Amino acid sequence: MLRFSQDPKVAEEQMKAIIFYLTTFGYIDGDFDDSEKKFVRDYIRGLVHQRVVTGMPDAEEALQKELEGRFTTHFHEVFETIDAQVQELFTEAVSHDEDQDAFIHSKLKLRCFEIFQGFGRDNQALLVEAMDALIEADGQVHPAEAKFRSELLALFAADIEIDLIELTQTGRTSIAPSVERPVAAAPHPFFDQFEHHYSADHELIQKQVEADRALLDRAIALFEAQAAAGKGKLAGKQRVDEFAGEAPFLDGHIWVHPTPEGQRFDITVLGDLHGCYSCLKGAVMQAQFLENVAAYKKDPAGRPKPILVLLGDYIDRGLFSLNGVLRSVLQLFVAAPEHVYVLRGNHEFYLEYKGQIYGGVKPAEAINTLKPHLPVEVFRHYMRLFDAMPNLLLFGDTLFVHGGIPRDLLLKERYVDLSSLEDSDMRFQMMWSDPSSVDVIPASLQEQSARFPFGRLQAAAFLRRMGCRSLVRGHEKVEEGFRVNYDDDDLKLVTLFSAGGADNEDLPDGSSYRSVTPCALTLRVEGGETEMTPWAIDYRTFNDPEHNGFFRTQPEIEHRA
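Parameters at a glance
Residues numbered from 1 in each chain as written. Predicted model: local features only at pLDDT ≥ 70, side-chain atom pairs only at ≥ 80, totals over all residues. Heavy atoms only, no water. Helix = DSSP H or I, 4+ residues; strand = E, 2+ residues; numbered from the N terminus. Phe/Tyr/Trp six-rings, centres within 6.5 Å; stacked < 30°, edge-to-face > 60°. Salt bridge = Lys/Arg side-chain N within 4 Å of Asp/Glu carboxyl O. Buried < 20%, exposed > 50% of the residue type's maximum accessible area, 1.4 Å probe, protein only. Pairing = 2+ DSSP bridges. Axes fitted to C-alpha atoms, helices over the stretch in contact; angles between N-to-C directions. Contact = heavy atoms within 4.5 Å.

This part takes up the environment of Met426. Relative to the helices and strands, Met426 is located in helix H15 (residues 424-429). Sequence separation of Met426 and Lys477 is 51 residues, and the distance between their C-alpha atoms is 22 Å.

This next bit is on unusual backbone geometry. Of the consecutive residues Lys362 and Pro363, the connecting peptide bond is found in the cis state with omega at -10°. Mapped onto the secondary structure, Pro363 falls in the loop between strand E10 (361-362) and helix H12 (365-370). Its identity is not glycine, yet His475 carries a phi of approximately 75°, on the positive side. Within the secondary structure, His475 is located in the loop between strand E15 (470-473) and strand E16 (482-488).

Time to look at the packing of aromatic side chains. A full pass over the atoms with the stated rule returns 20 aromatic pairs. On the numbers, 6.4 Å between centres and 65° between planes, the contact of Trp255 with Phe333 is edge-to-face. Of this pair, Trp255 sits in strand E4 (residues 254-257) while Phe333 sits in helix H11 (residues 321-335); the two residues are 78 residues apart in sequence, bridging distant segments of the chain. Each residue in the set Phe190, Phe191, Phe194, Tyr277, Phe320, Phe550 and Phe551 is aromatic and connected to the rest through ring pairs, giving one cluster.

Let us look at the pattern of salt bridges. Summed over all chains, the structure comprises 38 salt bridges. Asp434 is the partner of Arg473 in a salt bridge, and the nearest nitrogen-oxygen pair spans 2.5 Å. Of this pair, Arg473 sits in strand E15 while Asp434 is found in strand E13 (residues 434-435), placing the two residues 39 residues apart along the sequence. By relative accessible area, which is 0% here, Arg473 ends up buried. Put simply, Asp488 and Arg456 hold a salt bridge, and the shortest N to O gap is 3.0 Å. Of the two residues, Asp488 is situated in strand E16 and Arg456 in helix H17 (residues 456-466); the sequence distance between them amounts to 32 residues. What makes Asp488 partly exposed here is its relative accessible area of 26%. In this structure Arg456 comes out as partly exposed when scored by relative accessible area, which is 22%. A single salt-bridge network, built from bridges that share partners, covers Arg213, Glu352, Glu377, Arg380 and Arg384.

Pairing is mixed in the open sheet, where seven strands are placed in the order E3-E4-E11-E12-E15-E17-E16. At either margin of the open sheet sits one strand with a lone partner, and together these are strand E3 (249-251) and E16. Averaged over all pairs of adjacent strands, the angle between their axes in this sheet comes to 15°, without regard to strand direction. The pairing of E3 with E4 spans three bridges and is antiparallel. Pairing of Phe249 across the sheet is with Val256, part of E4. Packing against the sheet, H17 makes contact with strand E11 (392-395), strand E12 (398-401), E15, E16 and strand E17 (491-496), and its axis sits at approximately 75° to E16.

A few words now on the sheet that holds strand E6 (residues 305-310). With mixed pairing, the six strands of this open sheet are ordered in space as E2-E19-E18-E5-E6-E7. The sheet is open, and its two borders are formed by strand E2 (172-175) and strand E7 (340-342), each paired with just one other strand. Going across the sheet, the axis of each strand differs from the next one's by a mean of 20°, ignoring polarity. In this structure, strand E5 (residues 265-270) lies alongside E6, joined through six bridges in parallel fashion. Bridging from a neighbouring strand, Asp266 pairs with Pro306 of E6. The strands that helix H9 (residues 277-286) touches are E5, E6, strand E18 (519-526) and strand E19 (529-536); relative to E19, the one it contacts most, it runs at about 130°. The strands touched by helix H10 (residues 289-298) are E6 and E7; relative to E6, the strand with the most contacts, the crossing angle is about 140°.

Take it as geometry only, folks, not as evidence of what the structure does.
Structure, rendered in structure tokens:
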């Protein structure tokens, strides 16, 4: 018989954990149909009855029945919420060569592991007991359930020790409460010139694409020139503070920006934009980035240097990908390359197979929408741009990256110094990883999916090795738009998502991003002190045809998944 804590809060968490395990095993052995969901609801009802009877044995029968009804309703609602969260995993982006079911199983396994690690030994034993009761409840153990159980038990018993290097340099990073940033809604000449749909007319779209390809060439040339100037500077260097006094540089696909004493920086950061052009334009206008760049050039000694960092995933999902977000991001970069840092996301990844170009993430709406209208050479051109895009920015002691850190095994095999970050596998993995709530993720769990987790101590170890204390990332849809994953004295890790909006016309109907409040982030850096301040993006102003040319006419080419 399952034993619940006498502490109501602990018992609540125990119930939620068991319900998650119930839901997980419902999906592991195939489709989670209505009959299986009925079994889960009945099982929950039985657990609630057990809790009430054992927890209140002397209560009157009428009171027991009232409590059973109330708690059963509550935990049935918990079940519905958890089931909806699992179903949403089916909409997550997966790598081109990854099976969707395998990805979902790995995410479920991760959550089971996180829940297990969050309990003490007695409650961990309760979860294992509940798991066994669940998979045997229908009188037979499905092979997939037995395999999943075996893998979970192996994870629970895994060695999760990790060595941490002492962080020696001074400095402090703090996270401030969210603020409101007003926006100047007047039309802006910089953006207005790029706001036009692709035409369905063959001759006109060719002219539009020629202009875009010229922009790609300018951006690629800038990346290549910067990389040539900084070539080899990372070799032999172990920590970012070894670059003190040097000018910013790009070595391969790794940007480094030292922070000289006495200089101030005002950094605007945008996470995943995913075709949400109104979010890009709104955030840049709210931050007054272009105005600040102009003012800084007139008075560099008297003003903080404005920086714009874009964390990748400019395309797919939303309606304005290549001709909206990416086009404007590149225009910003070529206009002010010493102020704009364009990083590559996992969606900026195209593959060629038998003469055709495919999106490296499924679904790939940007390329699928335009394939019927454009020759393959256009997408080869975008593939060259994506391959030239930098992956990381080391700004002082803060790492900006799309996803996270590499797997433990790859770090052990290949990491020597900062130049190791240029390794193609390491850069690929850093576009795909996500932080977990646990301290350490076993290597076996990291290996099960292209999109893999890492733990708090793994993040700390990786950053300390480079002399960093903070990591700013995107990649993961967080409904609040900004989430603090780790908030320790010597480790700050935050997730930023800049696409979304409940009524954002940049998104197709039914988009899962409508539940997100898109956010941007400001970092103010001075004298070794960094303050992070999140703020909500005003996309609504730029859903208006008066302020956004994309809404003045209807698109001629239908958006395709």
